[in-house]
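# Summary of structural features
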Amino acid sequence: SAFADDNGIDWDNVDIIHAWGGSKTEGLYYNACVAHNIPYYDYNGACRLAEFNETPFQAACKNFLDNKKEDKKLYDFILIDEAQDFSIEFLRICYSLLGEKKRLVYAYDELQNLGDSSMPSPEQIWGVDEHGKPIVSFTSEEQDITLDICYRNPGPILTTAHALGFGIYHKPIIQMFDFEGLWTEIGYEKIDGELVEGKEVILSRTTKSSPSLLSAHNSIDEMIQFVKFEDKHSQSNWIAQEIFKNIHEEEILPSDIVVIHPDTIRMRNEVGYLRDLLFQNGINTSIAGITSSPDEFFSDNSVTFTSIFRAKGNEAAMVYIMDAHYCNVDYELAKRRNILFTAMTRTKAWLRVCGVGSSFDGLINEYNEVKQRGFKLEFTYPTEAERKKMRLVNRDMTSQERKRVHQAKLNAHNLMVLLDGQVRVEDIPEELRLALIKQLKGE
């Protein structure tokens, strides 16, 4: 083509688009609906369509598949990024748009899953044919590739992110790969012990998988800091002072600085005071996708504030995570640790993790554990039964379940208060006491 670049790519034939899309923004689901003459659902419409435990986009994709009469080829090749955040239904739509020759690449990182589920296998995604044979199965290493070299994150930061993401030094461990060999596939080597469930093991990143491009020139405390504050105003004051220093003393560009808030719903309100402080000191800020263009993440000469969903796929030299205590609460712990892992791995050089209150103490303690061990992961690999229990305990709860858990905590607290003087233990029937002890022990 006359318009092809030096690599022979005709960019008129390449679409870089959203997954959802609409009449004003091109997206794969929207394109598929138009091509197949199937009703398109926007977010509000999909919310009404969604059944219990379905996301709106999942419901929209499911509706497309239910109404599709034939497969129309729209693309020769599809690359899906951040595939762990998409439902099986969306992956099936992508597959159906490729014609007979299926050239589909989906890239994913299970720890960056901001939900609570693992990436399903090809057999689970595409099912089996009428003979019970998997429609899609990976039969060679060329089809199932694990990228084990990480140039983006300094090794100590990536190991810390894995330690806190999995809860290696949390008691008990929060989550774990079902397949032990994945640890070596993502760039860790066994230092001691056995990489077998039920056995103790010590893992460390290799110099090949984490080249010391930056860590060789920075001390650990320069690269990564966990800083606790008495209150949120103190946290914002410190971050503002540090950002001022970054820009005016350390010559870091404002566009190389990102502030991440883990709570997407409250992010805009929670960062307001800090943005005002920076504005008063002559530093411009923008909120990715809100005060800037929906398709822009960084703004020229501006510090970027972002939710975790907007942060995905982007990285910066200096990353501040504020209110990180949000990632260490009682429920949905695996989901929240995945948020923390994703936020921490946005940095290319320096990381500051900030938080308030006792919940943040646990994260500091876990960081100190991995730091004292020279950024090694030492743990007993959980058994299958233990991993099942982890998934049950740390699963994503519905709003009704949250209410029940909250009510149970209140009832337990009230019982403790009663037993502290108003009611004698002997007044509670023995069989009820024994049943309660058994339940609390998890037997």
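Residues numbered from 1 in each chain as written. Predicted model: local features only at pLDDT ≥ 70, side-chain atom pairs only at ≥ 80, totals over all residues. Heavy atoms only, no water.

Attention now goes to the packing of helix H6 (residues 155-166) against helix H13 (residues 333-344). Contact geometry for H6 and H13: axes closest at 8 Å, N-to-C directions at 170°. With respect to H13, the axis of H6 lies roughly antiparallel. Contact with H6, carried on its side by Ile157, Leu158, Thr160, Ala161, His162, Leu164 and Gly165, involves Arg337, Leu340, Phe341 and Met344 of H13 and no other residues of that element. Taken together, the residues of the contact of H6 with H13 sort by class into 7 nonpolar, 3 polar and 1 charged. (Axes fitted to C-alpha atoms, helices over the stretch in contact; angles between N-to-C directions. Helix = DSSP H or I, 4+ residues; strand = E, 2+ residues; numbered from the N terminus. Parallel < 35°, antiparallel > 145°, perpendicular 65-115°, else oblique. Contact = heavy atoms within 4.5 Å. Nonpolar A, V, L, I, M, F, W, Y, C, P; charged D, E, K, R; others polar.)

Let us look at the nonpolar core. Ranked by internal contacts, the top residues of the largest apolar core, which has 47 residues, are Trp183, Phe226, Ile321, Met344, Leu377 and Phe379. Here this core takes 6 residues from H6, the largest share from any one element. For methionine 344, the contacting residues outside a window of four places in its chain are Ile157, Thr160, Ala161, Leu164, Ile224, Phe226, Ile321 and Leu351. Residues Cys33, Ala60, Phe64 and Leu104 belong to the second largest nonpolar core, which totals 29 residues. (Core = buried A, V, L, I, M, F, W, Y, C linked by side-chain atoms within 4.5 Å. Buried < 20%, exposed > 50% of the residue type's maximum accessible area, 1.4 Å probe, protein only.)

In this section: the sheet that holds strand S11 (residues 377-380). With antiparallel pairing, 3 strands are arranged side by side in an open sheet as S3-S4-S11. Since the sheet does not close on itself, it has two edges, and those belong to strand S3 (188-193) and S11, each with one partner. If you compare each strand with its neighbour and ignore which way they point, the axes differ by 30° on average. Of the pairings in the sheet, the one linking S3 to strand S4 (residues 200-205) comprises 5 bridges and is antiparallel in character. Across the sheet, residue glutamate 189 finds its bridge partner in S4, namely serine 204. (Pairing = 2+ DSSP bridges.)

With that settled, the discussion passes to the pattern of salt bridges. Under the criterion given, the structure shown has 15 salt bridges. One salt bridge connects arginine 266 with glutamate 270, and the closest N-O pair in it is separated by 2.8 Å. For glutamate 270, a relative accessible area of 17% translates into the label buried. What emerges from the salt-bridge pattern is a single network uniting Lys232, Arg266, Glu270 and Asp323. (Salt bridge = Lys/Arg side-chain N within 4 Å of Asp/Glu carboxyl O.)

This part covers the environment of leucine 104. With respect to the helices and strands, leucine 104 occurs in strand S2 (residues 104-106). Once the C-alpha coordinates of leucine 104 and leucine 91 are considered, the two residues, 13 residues apart in sequence, prove to be 9.4 Å apart. If we ignore the near neighbours within four places in the chain, the residues touching leucine 104 are Ile78, Ile80, Cys94, Tyr95, Leu98 and Trp126.

Attention now goes to the side chain of asparagine 63. Secondary-structure assignment places asparagine 63 in helix H3 (residues 56-67). By relative accessible area, which is 16% here, asparagine 63 ends up buried.

For strand S10 (residues 347-356), the tally of buried residues reaches 8 of 10 residues, placing the bulk of the element in the interior. Where strand S5 (residues 224-229) meets S10, 6 bridges bridge the pair, whose relative direction is parallel. Bridging from a neighbouring strand, glutamine 225 pairs with arginine 352 of S10. Where strand S9 (residues 316-321) meets S10, 5 bridges bridge the pair, whose relative direction is parallel. Directly across from tyrosine 320, in S10, lies its bridge partner arginine 352. Taking the sense of rotation as the criterion, the β-α-β connection linking S9, H13 and S10 turns out right-handed. (Right-handed = clockwise from strand over helix to strand, strands pointing away.)

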